[in-house]
Amino acid sequence: MSAQKATAIACANIAFIKYWGQRDAELNLPANSSLSMNLDRLTTVTTVEFSPDYDDDLVILDGREVHHEAKQRIVAHLDRVRAMAGLQDKAKVVSENSFPVGAGLASSSSGFAALSLAASRAAGLELSERELSILARFGSGSACRSIPGGFSEWMAGTCSEDSFAKQIAPPEHWDLRDVIAIVSRVHKRVGSTEGHALAPTSHLYPARVASVADRLAEAKAALLKKDLTTLGPLIEEDAVSMHAVMMTSRPPIYYWLPSSMRLIHEVRSWRAGGLEVYFTFDAGPNAHLICQAADQAEVERRLEDMEEVLEVIVSGPGPGARVMEL
Ligand code: DP6
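Basis of the calculations
Residues numbered from 1 in each chain as written. Predicted model: local features only at pLDDT ≥ 70, side-chain atom pairs only at ≥ 80, totals over all residues. Heavy atoms only, no water. Salt bridge = Lys/Arg side-chain N within 4 Å of Asp/Glu carboxyl O. Helix = DSSP H or I, 4+ residues; strand = E, 2+ residues; numbered from the N terminus. Buried < 20%, exposed > 50% of the residue type's maximum accessible area, 1.4 Å probe, protein only. Pairing = 2+ DSSP bridges. Axes fitted to C-alpha atoms, helices over the stretch in contact; angles between N-to-C directions. Near = heavy atom within 4 Å. Polar contact = N/O pair within 3.5 Å; in protein donor to acceptor, adjacent residues only side chain to side chain. Areas by Shrake-Rupley, 256 points an atom, 1.4 Å probe, with all protein chains shown as cover. Expected span 1.5 Å × (residues − 1). Arc of directions from axis to C-beta. Contact = heavy atoms within 4.5 Å.

Undergrad: Describe the pattern of salt bridges, and please don't skip the residues or the numbers.
TA: One pass over the structure, following the stated rule, counts 17 salt bridges. Among the salt bridges present, the one from lysine 18 reaches aspartate 282, with a minimum N-O distance of 2.7 Å. Placement of lysine 18 in the loop between β1 (4–17) and β2 (22–24) and of aspartate 282 in the loop between β11 (277–281) and β12 (287–292) is noted, with a sequence separation of 264 residues between them. Residue aspartate 282 is classed as partly exposed on the basis of its relative accessible area of 26%.

Right, dumping it as structure tokens:
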């Protein structure tokens, strides 16, 4: 068989209603549904080439060959694609992130979305958006939300076949901005995969899981109405609820730094002063500040005045994962 090659691009996403904790770790089925926006400035471009000439899988990420667990996670994903396509060939994977390496931003969502699309195409598969989202979910839960464009909901579902993300509104629906304040570039000590497993050890976890469905329904309705005054407090409440679970796990996980806490207080005082902006955090200390396009420059200006903020990266709503014709 001749070499088969494909390149795909995918955006990272920021969850407004978060995924934290699984009901099935093997299948990567989440404890609850989640809601997110793709980020147009945070992208991963991945090329996959299968060839009978390769003796082993080779993975190059941002110019460097990847080994050990990081490679194993990608090889396991290639194995899923090979099993689907009935293919034995080893692959060469070359992946580049648009955002600075080690900026403290998660790349697993864009990474596994781009890998799923590139690898499946290179293997000769034409998967539907739903099938791709399910495949991406196996690589990294949040990656399933980077397959559709714009704003997506990952439905927790009842089994593997109905746990995938679908678009609830296209990118043009609402020009929201995510102004990311980088306060630390240190690689996180407890990764998401480990964190998900610890979630059930928190006494707050059952309360969080029980409250998400209502919050998600309210957030989704506000998003469809472009009502940031309703959506914003729900985004903050959900992020704080997730971090409360993290901080009360056994052992506890503290992702927030003093600078993260300062940003929370600043955002609240800016809002009291009339600047409409809301915070959220993933499994790390960097704040994602959500505002309307008209307020972006002012939010950026205020962040640049804070010595704790090392870098600011701004994204709008991004498209879905797509194949690149080179
Ligand atoms: C805090 O999708 O990174 O960003 O499936 O282990 O790769 P794995 O987990 P991952 O978890 C995302 C956690 C989060 C919240 C979210 O994006 O919903």
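Undergrad: Explain the sheet that holds strand β13 (residues 311–315) to me, using residue names and the numbers behind them.
TA: With antiparallel pairing, four strands are arranged side by side in an open sheet as β11-β12-β10-β13. Each edge of the open sheet carries a strand with a single partner, namely β11 and β13. On average, adjacent strands in this sheet sit at an angle of 25° to one another, irrespective of strand direction. Looking at chain direction, strand β10 (residues 176–182) and β12 are connected through six bridges and run antiparallel. Pairing of arginine 177 across the sheet is with cysteine 291, part of β12.

Undergrad: Give me the site of the ligand: which residues, what numbers.
TA: Lining the immediate environment of the ligand, one finds 17 residues, of which Arg73, Ser140, Gly141, Ser142 and Arg145 sit closest. Between serine 142 and the ligand, the recorded distance is 2.7 Å, taken from a side-chain N or O atom to an oxygen atom. Contact with the protein chains hides 95% of the accessible area of the ligand, taken as 450 Å² for the molecule alone. Counting residues per element, the shell around the ligand draws most heavily on helix α4 (residues 192–198), at three residues.

Undergrad: Explain the environment of glutamine 4 to me, using residue names and the numbers behind them.
TA: Tracing the backbone shows glutamine 4 in strand β1. Measuring from C-alpha to C-alpha, the distance between glutamine 4 and valine 299 comes to 46 Å, with 295 residues separating the pair along the chain.

Undergrad: Which residues make up helix α1 (residues 68–85), and what are the values?
TA: Taking 1.5 Å as the rise per residue, α1 with 18 residues should run 26 Å; its terminal C-alpha atoms sit 25 Å apart, in good agreement. Taken together, the buried positions of α1 are occupied by Lys71, Ile74, Val75, His77, Leu78, Val81 and Arg82. When α1 is viewed along its axis, its buried side chains cluster within an angular range of 160° and face the same direction. Exposed residues on α1 whose side chains face more than 90 degrees from its buried face are Glu69 and Ala83. Among the structural elements, β4 (34–51), β5 (58–61), β7 (90–97), α2 (108–122) and α3 (129–139) are those in contact with the buried residues of α1. Backbone geometry just after α1 places glycine 86 at a positive phi near 65°.

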